[in-house]
Amino acid sequence: MYISTRGGEEQLTAAQAILKGIAGNGGLYVPEDIPAIDHTWIANLQEMNYCERAQAVLNLFLTDYNADELATCIQAAYGADKFDHSEVAPVVKLDAGSYILELWHGPTSAFKDMALQLLPHLLSLSLEKTGENAQIVILVATSGDTGKAALEGFKDVKQIRMIVFYPQDGVSEIQRLQMVTQEGNNVAVVAVTGNFDDTQTGVKQIFNDTAFNAQLAEEGYQFSSANSINWGRLVPQIVYYFSAYADMLKQGAIETGEKVNFVVPTGNFGNILAGYYAYRMGLPINKLICAANSNNVLADFLQTGCYDRRREFHKTLSPSMDILISSNLERLLYHLTGENAGQVSEWMKELNEKGSYQVSEPVLAALQHLFWADWASDSQTTETIAAVHEKFGYTCDPHTAVAWGVCEKYRAQTADQTKAVILSTASPFKFNTSVLSALQGSFDGADEFVILEQLSQLSGWPIPRQLAALEQKQRLHYIACKPQEMAKTVQEILNNK
Ligand SMILES: *Cc1c(COP(=O)(O)O)cnc(C)c1O
């Protein structure tokens, strides 16, 4: 069963937790018990493909979904029509101590696909299991990656409507093209004439507008969100930690029981938290290394025990990590305080009211026992992209480069020789201009598709098929609105169909 990090009597099944997303008291749902596995269970994963590995892990957490249901969801999510690599999340060896886990072979070329390809199918089943009849309207405010991944995941899923808002001038050209050409009968994409904060605030206001919610409920609609605090987005991410480990065993890179380090480029703390659950289940992990960009609130926290969001916000080359409030950290704190919901509620209240909180010495010690953290600046990120290309002939995106840079700092400071898996969260083609200028110094402000072609030549990789296809795709979405007109726009979109 699933319970809230902020306490209360409520116990939910996985299906209910996925449908509800966030607890009524503001807490996040966590599993009451974390399943345990042993070395034999892990060794058995070696001969399985990704879908079978996903089935093995998800069975342990989503106990109210039966094996057939899970198998159907998993096939729909990770099939060859969705992922352009047969291994789904392959491990690439760079040298004897360093491996890259590529999480970007999905339809939108970023790691959000690993979860957002599966979540819609889990949610659909949740509707069936809980007997919910309403049309679910998913609202997303996006700075680029999440919106497109959610659109791809939720398109044409029955009983679900989806509206994505993006800041008109706040996304990259590729990201804009990905969204305005989105197909699917249940999706709408809206450009907001404001920045990302305006857009996100607009969506939050709609969620909190009780009168508007009541009116829509009468018309048979219920709002929901697809953001990374939903358990249904977290649980699929546990799979690839096991999958990477099984691949390394299979390649003979490690021995049974050997510990590895995972280095994770972190924003909302969802990806690295999935690694924590894998660790708790029994995956041999030495350190989880949290890599941040200059929005280094998490790195400071893991070093000092003080979480302080009162700082300047930086726009960086790794925009998907430009976050000052890492929501999923709340789950880790819950587990590390011995499930002390009262303490967690207090810290979250302090964060909300004064912008900071300080954890106790024992909690900081528990954090530092498993986690290590540091950050990389934009100039270090650019240098890393060039250095990794030069040394290994491997082209990485800015988010992955942040992780690589922090991994090097860790090695220099600790002399730890444990093999490291660096989680690669985006295809370099998705952040084509940053990568190309890192590799070439500078380049002419060419057309998007010319840049992709140049990057293809430099990396030796084909342009991901969905990005190449954008050139021929028709624009399907033209709606634009002011931040204060977002609710009205939602109403109009829902009335039109
Ligand atoms: C979302 C995202 C991240 C951050 O992941 P979290 O789970 O929020 O920590 C890192 N890199 C890329 C490319 C992303 O899209």
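Residues numbered from 1 in each chain as written. Predicted model: local features only at pLDDT ≥ 70, side-chain atom pairs only at ≥ 80, totals over all residues. Heavy atoms only, no water.

Enquirer: An account of the environment of T382 is needed here, citing residue identities and associated values.
Expert: With respect to the helices, strands and loops of the structure, T382 is situated in helix 17 (residues 378–392). For T382, a relative accessible area of 27% corresponds to the partly exposed category. Sequence separation of T382 and S434 is 52 residues, and the distance between their C-alpha atoms is 7.8 Å. (Helix = DSSP H or I, 4+ residues; strand = E, 2+ residues; numbered from the N terminus. Buried < 20%, exposed > 50% of the residue type's maximum accessible area, 1.4 Å probe, protein only.)

Enquirer: Tell me about the sheet that holds strand 15 (residues 480–481), and name the residues and values.
Expert: One open sheet holds the five strands; their spatial order is 8-5-6-7-15, and the pairing between them is parallel. At either end of the open sheet lies a strand with only one pairing partner, and these are strand 8 (221–224) and strand 15. (Pairing = 2+ DSSP bridges.)

Enquirer: How would you sum up the packing of aromatic side chains? Please name residues and give values.
Expert: Here the structure, examined in full by the defined rule, presents 22 aromatic pairs. On the numbers, 5.5 Å between centres and 80° between planes, the contact of W41 with F242 is edge-to-face. Placement of the pair is W41 in helix 2 (residues 39–45) and F242 in helix 11 (residues 231–250), with a sequence separation of 201 residues. The class of F242 is buried, set by a relative accessible area of 1%. Here the aromatic rings of Y276 and F371 are separated by 6.4 Å at their centres, their planes lie at 25°, and the arrangement is stacked. A residue pair is termed long-range when its members are at least 10 positions apart, and Y276 in helix 12 (residues 270–281) and F371 in strand 13 (residues 371–375) qualify at 95 residues. On the basis of relative accessible area, Y276 is assigned to the buried category, the value being 3%. Between K129 and the ring centre of Y65, over which it is positioned, the NZ or CZ distance is 5.1 Å. Here K409 stacks its cationic end above the ring of W375, 6.0 Å away from the centre of that ring. (Phe/Tyr/Trp six-rings, centres within 6.5 Å; stacked < 30°, edge-to-face > 60°. Lys NZ or Arg CZ within 6 Å of the ring centre and 35° of its normal.)

Enquirer: With reference to specific residues and values, describe the site of the ligand.
Expert: Around the ligand, the surrounding shell holds 15 residues, and the nearest of these are K112, D145, G267, N268 and T425. One of the side-chain N or O atoms of K112 is found 2.6 Å from an oxygen atom in the ligand. Coverage of the ligand by the protein chains reaches 97% of its 390 Å² of free accessible surface. (Near = heavy atom within 4 Å. Polar contact = N/O pair within 3.5 Å; in protein donor to acceptor, adjacent residues only side chain to side chain. Areas by Shrake-Rupley, 256 points an atom, 1.4 Å probe, with all protein chains shown as cover.)

Enquirer: Please provide a residue-by-residue account of helix 16 (residues 361–370), values included.
Expert: Of all the residues in helix 16, the buried ones are V363, L364, L367 and L370. For helix 16, the buried positions fall inside an angular range of 135° around the axis, keeping them on one side. Projecting away from the buried face of helix 16 at angles above 90 degrees are the exposed residues E361, P362 and H369. Contacts made by the buried residues of helix 16 are with helix 12, strand 10 (285–292), helix 13 (297–304), helix 14 (329–336), helix 15 (341–354) and strand 13. (Arc of directions from axis to C-beta. Contact = heavy atoms within 4.5 Å.)

Enquirer: Describe the pattern of salt bridges, and please don't skip the residues or the numbers.
Expert: According to the stated counting rule, one finds 14 salt bridges in the structure shown. Here K129 ties to E69 by a salt bridge, and the two come within 2.9 Å at their closest N and O atoms. Of this pair, K129 sits in helix 6 (residues 119–130) while E69 is found in helix 4 (residues 67–78), placing the two residues 60 residues apart along the sequence. Among the salt bridges present, the one from E258 reaches K419, with a minimum N-O distance of 3.1 Å. Taken together, the residues E258 in the loop between helix 11 and strand 9 (260–265) and K419 in the loop between helix 18 (398–414) and strand 14 (420–424) connect sequence positions 161 residues apart. If you follow the salt bridges from partner to partner, you end up with K148, E152 and K155 in one network. (Salt bridge = Lys/Arg side-chain N within 4 Å of Asp/Glu carboxyl O.)

Enquirer: Residues and numbers for the sheet that holds strand 13, please.
Expert: In spatial order, the strands read 3-4-14-9-10-13; together these six strands make up an open sheet with mixed pairing. On the outer flanks of this sheet lie strand 3 (91–95) and strand 13, each paired with one strand and no other. Sheet twist, expressed as the mean angle between neighbouring strand axes with direction ignored, is 25°. The pairing of strand 9 with strand 14 spans three bridges and is parallel. (Axes fitted to C-alpha atoms, helices over the stretch in contact; angles between N-to-C directions.)

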